[in-house]
Amino acid sequence: MDENFEEEQFTGIIKFTPPLYKQRYQFIKDLVAKYKPKKVADLGCADCTLLWMLKFCSCIEVLAGLDICASIMKEKMHRLSPLPGDYLQPTERSLTVTLHHGSVAHKDPCMLGFDLVTCIELIEHLEQSELKKFPEVVFGFMSPSMVVISTPNSEFNPLLPGVTLFRHSDHKFEWTRAQFQSWALETARHYDYSVEFTGVGHPPKGMENVGFCTQIGVFVRKYPQASESAQFEKPTKAAYKTVFKAVYPSLKDEKYLQKAVVSEVIFTAQIIKQRLLDPLMSEHEEYNDDPTERKSKFQPSVSCFSQDLGKLVVEKGMEPFVDGNVVYIPLRTIFSFPKVNKLCGTFEKLHKLIAGKVTLSSDGSAVMFTTEHENEEN
């Protein structure tokens, strides 16, 4: 939960650049860039802004958000959906984004197995009964490799014009650095985590003694995650309601991989065909009145290709050729191109993926194109 608007209102002469909420989100992005977690959950995700920023981090494969207010999530959750470009050019990584409606005081197995759990400006919104359950849910049950908790530093409040007690009307408490650190250290000790303290939002010059405007605790689990058998012993009853789920197109899904491979094979074959035919068509025009000469000039040669392609053809012995009105591009030649090779991995997989999608020769060894269209143009 991020009260960006309220902070902007009462910071008065204190202006944070970038704005404080952006500094908090950037802190998380930097942490993700450093530790490369694959599964990240944001508790108290509110309008999903942090999740939207994190979906662009290439290391992340699973994103989950949880908030007690479903309506706030639903206002902006469309930003988490795949865009047309994601379908046109799927990436190699898989990405699933899910939003859940529920309380951080309740346990749900959908939150197991995460590498990083973030709680940005969340705990100060919890009732005492919820705060009491919070450590057991997050550190005991979820037990992620890393937890990041940010909360207001009440020592900074006197510098914020308009603040009398708390920074937001929904805050149930705001802690000093000593109070937060005492709670965090005890929580870390009890659940076998280490914790380091930092923050964002530097105080004005000469008032460094008040500390950061937002204090942050970074918790790291000391020991490896419990065994799978221990995980199975945890409660399996769902406590949250899923309000959104998006599965991004990925090359790990054979459906999207096949589309990408077919597209790349056709594109590559078209380039090879054009490099083969362009010189021949030019020569054909010169000898248009001599059928014998025309026939001889339609014998393909390495000179028809670019230097790199010519080298590839000579070294591999996989030369494309023209037979009548048909151009044959050996699959082995196409497979030798880096992008096709990377997409497929093996020649057998290439053959399997394009079967029935691309016109092949009778023995399946070459892609076939007709030259009739080129002849009409010339």
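In this text, all values refer to a predicted model and were calculated from it rather than measured experimentally.

Draft legend 1. Up close: the side chain of Thr-118. Inspection of the secondary structure puts Thr-118 in strand β4 (residues 116–120). Take Thr-118: its relative accessible area is 0%, and that puts it in the buried class.

Draft legend 2. Looking closely at helix α6 (residues 128–142). Along its 15 residues, α6 runs 20 Å from first to last C-alpha, staying within 8% of the 21 Å computed at 1.5 Å per residue. The sharpest bend along α6 reaches about 30 degrees and sits at Phe-134, with the proline Pro-135 one to four residues further on. Regarding α6, the residues found buried are Leu-131, Phe-134, Pro-135, Val-137, Val-138, Phe-139, Phe-141 and Met-142. At its buried positions, α6 is contacted by β1 (39–43), β4, β5 (146–152), α7 (177–190), β6 (193–200) and β7 (214–221).

Draft legend 3. Quick look at the sheet that holds strand β8 (residues 241–247). On the basis of which strands lie adjacent, the open sheet formed by eight strands has the order β6-β7-β5-β4-β1-β2-β3-β8 and mixed pairing. Of all strands in the sheet, those with a lone pairing partner are β6 and β8, marking the two edges. Sheet twist, expressed as the mean angle between neighbouring strand axes with direction ignored, is 15 degrees. Pairing of β5 with β7 involves seven bridges; the strand directions are antiparallel. In the sheet register, Ile-149 faces β7, and the bridge partner there is Gly-217. Across the sheet, helix α2 (residues 20–35) lies against β4, β5, β6 and β7, angled at about 165 degrees from β5, the strand it touches most.

Draft legend 4. Local environment of the nonpolar core. Membership of the largest hydrophobic core comes to 42 residues, with the highest contact counts inside it found for Leu-54, Ile-60 and Leu-99. Where this core is concerned, the elements lending two or more residues are α2, α3 (49–54), β3 (96–101), β4, β5, β7 and β8. Counting residues per element, this core draws most heavily on α2, which supplies six residues. Excluding residues within four positions of it along the chain, Leu-54 makes contact with Ile-28, Lys-29, Val-32, Val-40, Ile-60 and Leu-63. In terms of nonpolar packing, the next biggest core, distinct from the first, is built from 33 residues, Phe-134, Met-142, Phe-173 and Tyr-193 among them.

Draft legend 5. Fine view of the side chain of Ser-361. On the secondary structure map, Ser-361 appears in the loop between α14 (347–354) and β11 (366–370). Among all residues touching Ser-361, those that are not within four sequence positions of it are Tyr-328, Ala-366 and Met-368.

Here is what the cut-offs are and how they apply
- Residues numbered from 1 in each chain as written.
- Predicted model: local features only at pLDDT ≥ 70, side-chain atom pairs only at ≥ 80, totals over all residues.
- Heavy atoms only, no water.
- Helix = DSSP H or I, 4+ residues; strand = E, 2+ residues; numbered from the N terminus.
- Buried < 20%, exposed > 50% of the residue type's maximum accessible area, 1.4 Å probe, protein only.
- Expected span 1.5 Å × (residues − 1).
- Bend = angle between axes of the 7 residues up to and from the residue.
- Contact = heavy atoms within 4.5 Å.
- Pairing = 2+ DSSP bridges.
- Axes fitted to C-alpha atoms, helices over the stretch in contact; angles between N-to-C directions.
- Core = buried A, V, L, I, M, F, W, Y, C linked by side-chain atoms within 4.5 Å.

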